[in-house]
Amino acid sequence: MSNYHCPDAKTLQTLKDIANKLRIHSIEATNASNSGHPTSCASAAEVMSVLFFHTMRYSVTEPRSPSNDRFVLSKGHAAPVLYAAWAEAGLFPASDLLNLRKLSSDLEGHPTPRLNFVDVATGSLGQGLSCAAGMAYTGKYFDKAGYRVYCMIGDGESAEGSIWEAMAFASTYKLDNLVAIFDVNRLGQSEATSLGHYLDVYKARTEAFGWNTYVVEGDDVEALCKAFHDAEQVKNKPTCILAKTFKGRGIVGIEDQDNWHGKALGDKAAPAIAELKKNIANPGAHGLVPKSPEKKVPAVNVSNIKLSEPPKYDKGQQVATRLAYGTALVKLGKSNERVIALDGDVKNSTFAIKFKEAFPDRFVECYIAEQNLAGVAIGCETRRRTVPFVSTFACFLSRAYDQIRMAAISQSNVNFCGSHAGVSIGEDGPSQMALEDLSMFRSIPNCTVFYPSDAVSCERAVELAANASGMCFIRTSRPNVPIIYGSEENFKIGQAKIVRSSNDDKVTVIGACVTLVEAQKAADELAKTGINIRIIDPFTIKPIDAETIINSARQTGGRIITVEDHYPEGGIGEAVSAAVSECRDITVKRLAVREIPRSGKPAELLEKYGISASCIVKAVNQIISS
């Protein structure tokens, strides 16, 4: 254990000076944009000064170097103080700060990775610590590196359950390279926080969650220097620093006052800045240079990841796509040691357990905490250190929708797999049936949505997802379904498959997985009456293969029937309808689950909710006769 050496008086004063400069920058920037959160910045100024100019090791010229310490500003509304710290570090001119929140500037109201010093987007509160925990997990267990991760949390956002999910995760995995700083400034947006300045209560809670905890005065730079030093010496526990601060610290007449959240100071800015300048001993260049990283983290290659061997199934063999997901993960894991898997305590149902059995050191059990599950995966993927695959029941991913949409803003490449989709899961009932998941993921920008129809296409979907830019969602199903593709079948994102056709097809039927099976049964029944139908497997619901669908529809009398184990809103039917919306000669009839379902056997439920083979036969006859 290294002994603590107090910084000399000159260094301590310089850190105080930098803190006040950060306050001034924050006031000036928010005044220039006439919006923002200068008071939230002011309470965090000393913490930012000590972190960026005394504690953290990073390269200013390479802000995203994998060797750098990481910093996550979970209280993203305090973005101006983060931007100011990087400006003071010399990354860009301080004059750029005056472009805050302008359309032409990447200095947005809340941090996003458009900036080369930001790893994850924040601002939807309560999410930063999960991402930081993912970064710390990657540093300790995958990179086995010395970089440390710091996350600043607002006391208001600590009311979010996701913060405590992350706290539990970090202590479970002994993330001693993670430090959370609670900026306990007492005031929320509309009133005081529930705990105010009861630091003893915060301390009891953080310690109960297994964290090493220090309580400090948030404007005491020497105390902060010591707390961050001591945190580095602690083993097998993450550290929490509870910093007692005041909102608007140092701003006369505004410090610790209600009704100043999210407001520029306006005509109060000039006198406030004048007072702050009086506390700066040396208004010139501060001269403090960030420490360089101790060790270089080796580069990793996460491109061109392939299945270690092609799918091995016989046509007609019955295999659940959820099982094929686990099989494919193992094959990817054999090909690239940076493929990792995370699950929410349902690994024996999603079949992520196959990956855990093959690569236990690369499997992360996140337990029943889906918001944290998503956030940790986002953190693990930052700086392209891993290729994460996240699995749980598809319905439970809706609990993490906010984290998923923030992942898109974070430009993340996380891959999600949702199993147990639709009424076809059977007796478990509607609480377990994902019937909204396609809609949810289709609404996410830069997200590819796979819906594989057999084990072969599922394995290929997993392979494609590993190499795709942006997020991916893979929908898998519980029932066994027949293999319809050969092992060497080629699949591409946005390219559908015509799985059944003839020269006199009357209708194009589009389904996926269980409903594709029902469509095949329907086709056999219809053929007995002399009616042939064309069947399309879309493979990806986003992007949808509009060209194949339109061409097929025009060859089948302009008639399309979509059939899906999903609610009608946002699923296959709406994707297909959007694809043909400018084609006046095409009609789309949509079969979907149109009410909240109930428990029952899968075949009974498919029939009751209008997506069985017999329902398809009826729909085909109706659309032909209309």
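As the structure is a prediction and not an experimental result, all values here were calculated from the model.

Parameters and conventions
Residues numbered from 1 in each chain as written. Predicted model: local features only at pLDDT ≥ 70, side-chain atom pairs only at ≥ 80, totals over all residues. Heavy atoms only, no water. Helix = DSSP H or I, 4+ residues; strand = E, 2+ residues; numbered from the N terminus. Rg over C-alpha atoms; globule rule 2.2 N^0.38 Å. Buried < 20%, exposed > 50% of the residue type's maximum accessible area, 1.4 Å probe, protein only. Arc of directions from axis to C-beta. Contact = heavy atoms within 4.5 Å. 1 Å grid on protein atoms, 1.4 Å probe; cavity = no way out; pocket = protein on both sides within 12 Å on 5 of 7 lines; lining within 4 Å. Points joined across faces, edges and corners; volume = space filled by probe spheres on them. Nonpolar A, V, L, I, M, F, W, Y, C, P; charged D, E, K, R; others polar. Axes fitted to C-alpha atoms, helices over the stretch in contact; angles between N-to-C directions. Parallel < 35°, antiparallel > 145°, perpendicular 65-115°, else oblique. Left-handed = near helix turned anticlockwise from the far one by under 90°. UniProt positions renumbered as here; feature names shortened; annotations may be inferred. Pairing = 2+ DSSP bridges. Polar contact = N/O pair within 3.5 Å; in protein donor to acceptor, adjacent residues only side chain to side chain.

**Some remarks on the overall build of the protein**
Then step 1. Scanning the protein from terminus to terminus reveals 21 helices and 19 strands.
Then step 2. Here the protein has a C-alpha radius of gyration of 28 Å; the compact-globule value for 626 residues is 25 Å, and the two agree.
Then step 3. On the principal axes, the C-alpha backbone points of the protein span a range of 95 × 50 × 40 Å.
Then step 4. Among the 626 residues that make up the protein, the fraction classed as buried is 61%.

**Some remarks on helix H7 (residues 199–208)**
Then step 1. Among all positions in H7, only Leu 199, Tyr 202 and Thr 206 are buried. Along the axis of H7, the buried positions cluster into a sector of 60°, meaning they face one direction only. When the buried face of H7 is taken as reference, the exposed residues oriented beyond 90 degrees from it are Asp 200 and Ala 208.
Then step 2. Where the residues of H7 are buried, they touch helix H6 (161–172), strand E3 (178–184), strand E4 (212–217) and strand E5 (239–244).
Then step 3. Taken from the residues just after H7, Gly 210 is the one with a positive phi, measuring 90°.

**Some remarks on empty space enclosed by the protein**
Then step 1. Tallied over the full model, the rule gives four cavities of 30 Å³ or more.
Then step 2. Roughly 80 Å³ of internal volume is contained in the largest cavity.
Then step 3. In terms of lining residues, the largest cavity is bounded by Phe 71, Val 72, Leu 73, Leu 82, Pro 111, Phe 117, Val 118, Asp 119, Val 120 and Thr 122.
Then step 4. Tallying contributions element by element places strand E1 (residues 70–73) first for the lining of the largest cavity, with three residues.
Then step 5. Of the residues belonging to the lining of the largest cavity, the class tally is eight nonpolar, one polar and one charged.

**What to know about the packing of H6 against helix H13 (residues 370–381)**
Each packed pair of helices is defined by two parameters, the angle between the axes and the distance between the axes.
Then step 1. Direction vectors running N to C along H6 and H13 enclose 65°, while the axes themselves pass 9 Å from each other. Judged by the inter-axis angle, H6 sits roughly perpendicular to H13. Handedness of the crossing formed by H6 with H13: right-handed. Between H6 and H13, the contacting residues are Ser 162, Glu 165, Ala 166 and Phe 169 on the first element and Glu 370, Gln 371, Asn 372 and Val 376 on the second.
Then step 2. Of the residues assigned to the contact of H6 with H13, the class counts are three nonpolar, three polar and two charged.

**So, the UniProt feature "domain: Transketolase-like pyrimidine-binding" (unreviewed entry) in the protein**
Then step 1. Those places that UniProt annotates as "domain: Transketolase-like pyrimidine-binding" (unreviewed entry) correspond, in this numbering, to residues 319–483.
Then step 2. As annotated, residues 319–483 comprises 39% helix and 21% strand, and the C-alpha atoms at either end are separated by 7 Å.

**Topic: the sheet that holds E4**
Then step 1. The strand order E1-E2-E3-E5-E4 describes an open sheet built from five strands, whose pairing is parallel. The outermost strands of the open sheet, each flanked by one partner alone, are E1 and E4. Averaged over all pairs of adjacent strands, the angle between strand axes in this sheet comes to 20°, irrespective of strand direction.
Then step 2. Here E1 pairs with strand E2 (residues 149–154) via four bridges, running parallel.

**Here we look at the sheet that holds strand E19 (residues 587–591)**
Then step 1. Spatial ordering of the open sheet is given by E14-E16-E15-E18-E19, a layout of five strands whose pairing is mixed. The sheet is open, and its two borders are formed by strand E14 (497–500) and E19, each paired with just one other strand. On average, each strand axis in the sheet is tilted by 30° relative to the strand beside it, whichever way the strands run.
Then step 2. For strand E18 (residues 559–563) and E19, the ladder comprises five bridges, and the chain directions are parallel. The residue of E19 that forms the bridge with Ile 561 is Lys 589.
Then step 3. Along the sheet face, helix H17 (residues 514–527) touches E14, strand E15 (505–510), strand E16 (532–537) and E18 and points at about 170° away from the line of E16.

**As for the side chain of Asp 505**
Then step 1. Here Asp 505 shows up in strand E15.
Then step 2. Within the local environment of Asp 505, its side chain forms a polar contact with the side chain of Arg 534, the two groups lying 3.0 Å apart.
Then step 3. Beyond its immediate sequence surroundings of up to four residues, Asp 505 is in contact with Arg 500, Asn 532, Ile 533, Arg 534, Gln 555 and Thr 556.

**Comments concerning unusual backbone geometry**
Then step 1. The omega torsion of the bond from Lys 542 to Pro 543 falls at 0°, within 30 degrees of zero and hence cis.
Then step 2. Phi at Tyr 367 takes a positive value of approximately 60°, unusual for a residue other than glycine.
Then step 3. Note on placement: Tyr 367 falls in the loop between strand E8 (363–365) and H13.
Then step 4. Using a relative accessible area of 43% as the deciding quantity, one classes Tyr 367 as partly exposed.
Then step 5. The backbone of His 420 sits at a positive phi, close to 60°, despite the residue not being glycine.
Then step 6. With respect to the secondary-structure elements, His 420 resides in the loop between strand E10 (415–419) and helix H15 (437–442).
Then step 7. A residue is classified by how much of its surface remains accessible, and His 420, at 2% relative accessible area, is buried.

**Remarks on the side chain of Glu 463**
Then step 1. Note on placement: Glu 463 falls in helix H16 (residues 455–467).
Then step 2. When near neighbours in sequence (up to four residues on either side) are disregarded, Glu 463 contacts Ile 305, Lys 306, Leu 307 and Leu 332.

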